[in-house]
Structure formats: C-alpha cells, structure tokens
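# Architecture and fold: a report
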Amino acid sequence: MSALDVVTAALEAHGSNHHGDQWQCPAHPDKTPSLTVSQGREGALVTCHAGCPKPDVVAALGLK
C-alpha cells in the first residue's frame, strides 16, 4: 500500500468527501474540499489550501 493509499483510506474512514484530488480537510470544519492529496517521491503530499499546518492534518487523521 502506497503512502497515498494510506492517506486516502484515512480520509475515507474520517468521512471526508472528495472531488478528484481535493478532499475535505479533517483539521478544520471544511464544507468545500480544500485539501490536496498527491503522491510525492518520498510519500504522500497533503496541502490544506485554507491554511491548516500539515502536522495538524496528519494528526487529525491519526497518522504520523
């Protein structure tokens, strides 16, 4: 399982909705998907376009 698969599975388990690579951010009350998730060279890349720090997003998913 890739790092991207782990993150998307955690987002699905969290109940986050998505449209393509945009997901509802679990670190804030997100009504419109603002979290981009993609595969990087060394793991999954997560970017909340509303400004949540990456560690907060990862912690909200229960990941390290």
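Described below are features of the structure shown in this document. Given the structure is predicted, the values throughout are model-derived calculations rather than measurements. (Residues numbered from 1 in each chain as written. Predicted model: local features only at pLDDT ≥ 70, side-chain atom pairs only at ≥ 80, totals over all residues. Heavy atoms only, no water.)

## So, the overall build of the protein
Along the protein, the regular secondary structure elements total two helices and four strands. For the protein, the spread of C-alpha atoms along the three principal axes comes to 30 × 20 × 20 Å. Looking at the 64 residues of the protein, the share that counts as buried comes to 33%. Residue pairs in contact within the protein that sit at least 24 positions apart in sequence constitute 37% of those at least 6 positions apart. For the protein, the exposed surface amounts to about 4,100 Å²; the carbon and sulfur share of it is 55%. Positive and negative charge centroids in the protein, built from 4 and 6 side chains respectively, lie 6 Å apart. (Helix = DSSP H or I, 4+ residues; strand = E, 2+ residues; numbered from the N terminus. Buried < 20%, exposed > 50% of the residue type's maximum accessible area, 1.4 Å probe, protein only. Contact = heavy atoms within 4.5 Å. Areas by Shrake-Rupley, 256 points an atom, 1.4 Å probe, with all protein chains shown as cover. Lys, Arg positive; Asp, Glu negative; His and termini not counted. Charge placed at Lys NZ, Arg CZ, Asp CG, Glu CD.)

## Some points on the layout of surface pockets
Taking a probe equal in size to a water molecule and rolling it over the atoms shows the remaining empty space. Here the largest pocket is characterised by a volume of approximately 160 Å³. Forming the boundary of the largest pocket are Ala3, Val6, Val7, Gly43, Ala44, Val46, Val57, Val58, Leu61, Leu63 and Lys64. Contributions of two or more residues to the lining of the largest pocket are made by α1 (3-14), β4 (44-48) and α2 (54-60). Of all the elements, α1 adds the most residues to the lining of the largest pocket, at three residues. The residue makeup of the lining of the largest pocket, split by class, is nine nonpolar, one polar and one charged. (1 Å grid on protein atoms, 1.4 Å probe; cavity = no way out; pocket = protein on both sides within 12 Å on 5 of 7 lines; lining within 4 Å. Points joined across faces, edges and corners; volume = space filled by probe spheres on them. Nonpolar A, V, L, I, M, F, W, Y, C, P; charged D, E, K, R; others polar.)

## Here's the deal with the pairing of strand β3 (residues 35-39)
When a strand is regular, its side chains alternate between the sheet's two faces. With two bridges connecting them, strand β2 (residues 22-23) and β3 associate as antiparallel partners. Across the sheet, glutamine 22 pairs through a bridge with threonine 36, a residue of β3. Pairing of β3 with β4 involves five bridges; the strand directions are antiparallel. Each bridged residue has a counterpart across the sheet, and for threonine 36 the counterpart in β4 is threonine 47. Adjacent in sequence and paired antiparallel, β3 and β4 are bridged by four residues, among which glycine 43 carries a positive phi angle near 150 degrees. (Pairing = 2+ DSSP bridges.)

## Here we look at the nonpolar core
Listed in full, the 12 residues of the largest apolar core are Val7, Ala10, Leu11, Trp23, Cys25, Leu35, Val37, Val46, Cys48, Cys52, Val57 and Leu61. Every element with two or more residues in this core is listed here: α1, β3 and β4. Look past the residues within four positions of cysteine 48 in its chain and what remains in contact with it is Cys25, His28, Ser34, Leu35 and Val57. (Core = buried A, V, L, I, M, F, W, Y, C linked by side-chain atoms within 4.5 Å.)

## A word on the sheet that holds strand β1 (residues 18-19)
Pairing in this open sheet of four strands is antiparallel, and the strands run β1-β2-β3-β4 from one edge to the other. In this open sheet, the two strands that pair with only one neighbour each are β1 and β4. Along the sheet, α1 makes contact with β2, β3 and β4, crossing β3 at roughly 150 degrees. (Axes fitted to C-alpha atoms, helices over the stretch in contact; angles between N-to-C directions.)

Everything listed is a geometric property; what it means functionally is a separate question.
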